[in-house]
Amino acid sequence: MKVTITREQLQEGLVAVAASVPSKTTLPILSNILLEATKDGIRLSGTDLDISVSTSVSASVDQEGAITLPARKLVEIVRELPNSAIRLTASGEHRVSIECGRSRFKLLGLPREEFPAFPTVKFEGGWRTSSKDLHKLIAHVAFAASTEESRPILNGVLWELRPERMRMVATNGHRLARMDVPTPPAGSSAQADLIVPPKALEQIRRLFKPDEEVEIARSENHLGFRSSTTQVFTRLIEGPYPNYEQVIPRENDKSATADKGALAAALPRMSIVASDQTHRIRMAFANGSCKLSVQTPDLGEAQEELTVSYEGDPLEIGFNASYLLEILKYIPTDEVRLTFKAPERAATCEPVGWDDPSSFLTLVMPLRLVD
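All values reported here derive from a predicted model rather than from experimental measurement.

## Points about the packing of aromatic side chains
Then, number 1: Across all of its chains, the model carries eight aromatic pairs by this definition.
Then, number 2: On the basis of an interplanar angle of 70° and a centroid distance of 5.7 Å, the ring pair of Phe 118 and Phe 233 is categorised as edge-to-face. With Phe 118 in the loop between strand E9 (103-108) and strand E10 (127-130) and Phe 233 in strand E17 (residues 230-235), this pair connects stretches of sequence that are 115 residues apart.
Then, number 3: Residue Phe 118 is classed as partly exposed on the basis of its relative accessible area of 23%.
Then, number 4: Residue Phe 233 is classed as buried on the basis of its relative accessible area of 4%.
Then, number 5: Judged by centre distance (5.5 Å) and plane angle (20°), the ring pair of Phe 285 and Tyr 310 falls under stacked. Of the two residues, Phe 285 is situated in strand E19 (residues 280-286) and Tyr 310 in strand E22 (residues 309-311); the sequence distance between them amounts to 25 residues.
Then, number 6: Classification of Phe 285 by relative accessible area gives buried; the value is 2%.

If you want it as structure tokens, here you go:
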């Protein structure tokens with residue numbers, strides 16, 4: 001293998017792939033990046049066996065070939081090299097010399113045969129969507145997935161693919177986020193319900209530019225994403241996702257419209273004296289106001305009042321301030337609408353005045369108030 005490539009191009013490819021390389025592994029080959037030189041340039045690949053990433057960058061190839069090199073050291077070397085052409089020359093299956101300006105390095109690698117094969121996914125007959133829509137879904141929903149290992153199915157994001165729309169749903173049992181994005185009329189007629197790890201979705205968001213079109217396809221256990229230069233494969237989470245429709249309230253008859261910025265500023269102030277375990281705050285809605293209060297034994301208390309537009313009977317309800325704050329962070333408008341039924345029933349939180357064809361709903365479960 002003999003290749004000449006700009007430092008900028010090589011660094012761009014390495015940054016794309018390096019995030020899929022595990023920091024600790026018992027299999028030495030997984031610490032390496034696969035470099036394949038073909039007439040079209042260099043393809044770089046990395047995997048942790050759950051998520052695999054492959055990307056192509058332009059290069060002048062004098063001799064085709066392939067080798068795997070230690071990811072961390074290769075990234076560090078390229079980052080420190082001067083901004084000029086880099087020459088990579090492989091000697092056999094184990095050694096690569098790296099030349100740039102007056103710098104010379106020799107790195108020991110492993111044969112490409114040891115590198116795991118990527119999942120076999122057929123993209124023909126799959127789905128196509130804009131990367132922009134994928135970014136939007138992931139950004140607004142993935143945060144709500146669980147990080148606890150007790151219910152692995154909730155560690156994933158449910159992705160419903162339908163001829164007329166795409167929907168993502170995530171929940172940890174205490175909060176929930178759901179977003180629908182309409183699909184183009186000429187989209188695939190195939191349907192699927194997939195449970196995708198948030199870590200894989202974050203790679204999608206990071207690697208595919210918003211103006212790209214992305215092809216999506218699945219095999220029995222894997223999901224593949226492909227653009228003109230980059231491919232990402234992820235293992236799917238198996239099992240039935242809980243019936244989230246059952247927990248979304250349909251009969252909430254009380255609603256409050258509030259300034260998102262004012263509410264998001266008040267919650268951290270109240271949280272200072274809230275319990276470190278529950279982060280519980282009390283919200284009392286009545287007569288165009290929302291009174292926030294916290295009372296924690298052995299610590300103290302706090303109160304603050306916000307002006308809101310409120311419809312319905314007076315209501316006192318408790319929430320985990322951290323969950324409420326996190327939801328507000330992803331609301332895309334300046335005003336937010338909260339709906340309630342009773343102190344022990346789920347509340348919804350939606351954007352007000354969002355002129356977007358997508359629909360976005362979040363839900364947060366209340367905490368029992370202790371008088």
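## Observations regarding the pattern of salt bridges
Then, number 1: By the definition in use, this model includes 25 salt bridges.
Then, number 2: The partner of Arg 128 in a salt bridge is Glu 213, and the shortest N-O contact between them spans 2.7 Å. Linking Arg 128 in strand E10 with Glu 213 in strand E15 (residues 213-218), this pair joins segments that are 85 residues apart in sequence.
Then, number 3: Among the residues examined, Glu 213 registers a relative accessible area of 48% and is labelled partly exposed.
Then, number 4: Here the salt bridges do not stand alone but share partners, grouping Glu 160, Arg 165, Arg 167, Asp 180, Glu 245 and Arg 250 into one network.

## Some points on the pairing of strand E4 (residues 51-57)
Across a regular strand the side chains alternate sides, sitting on one face of the sheet and then on the other.
Then, number 1: Within E4, six of the seven residues are buried, which leaves the element mostly enclosed by the surrounding structure.
Then, number 2: In this structure, strand E3 (residues 41-47) lies alongside E4, joined through six bridges in antiparallel fashion. Its bridge partner being in E4, Gly 46 is matched across the sheet by Val 53.
Then, number 3: Following E3, the chain reverses through three residues before pairing antiparallel with E4; Leu 49 in that reversal takes a positive phi of roughly 80°.
Then, number 4: Relative to E17, E4 is paired through five bridges, and the arrangement is antiparallel. Each residue of the ladder has a partner; that of Thr 55, found in E17, is Thr 230.

What counts, and at which threshold
- Residues numbered from 1 in each chain as written.
- Predicted model: local features only at pLDDT ≥ 70, side-chain atom pairs only at ≥ 80, totals over all residues.
- Heavy atoms only, no water.
- Phe/Tyr/Trp six-rings, centres within 6.5 Å; stacked < 30°, edge-to-face > 60°.
- Helix = DSSP H or I, 4+ residues; strand = E, 2+ residues; numbered from the N terminus.
- Buried < 20%, exposed > 50% of the residue type's maximum accessible area, 1.4 Å probe, protein only.
- Salt bridge = Lys/Arg side-chain N within 4 Å of Asp/Glu carboxyl O.
- Pairing = 2+ DSSP bridges.

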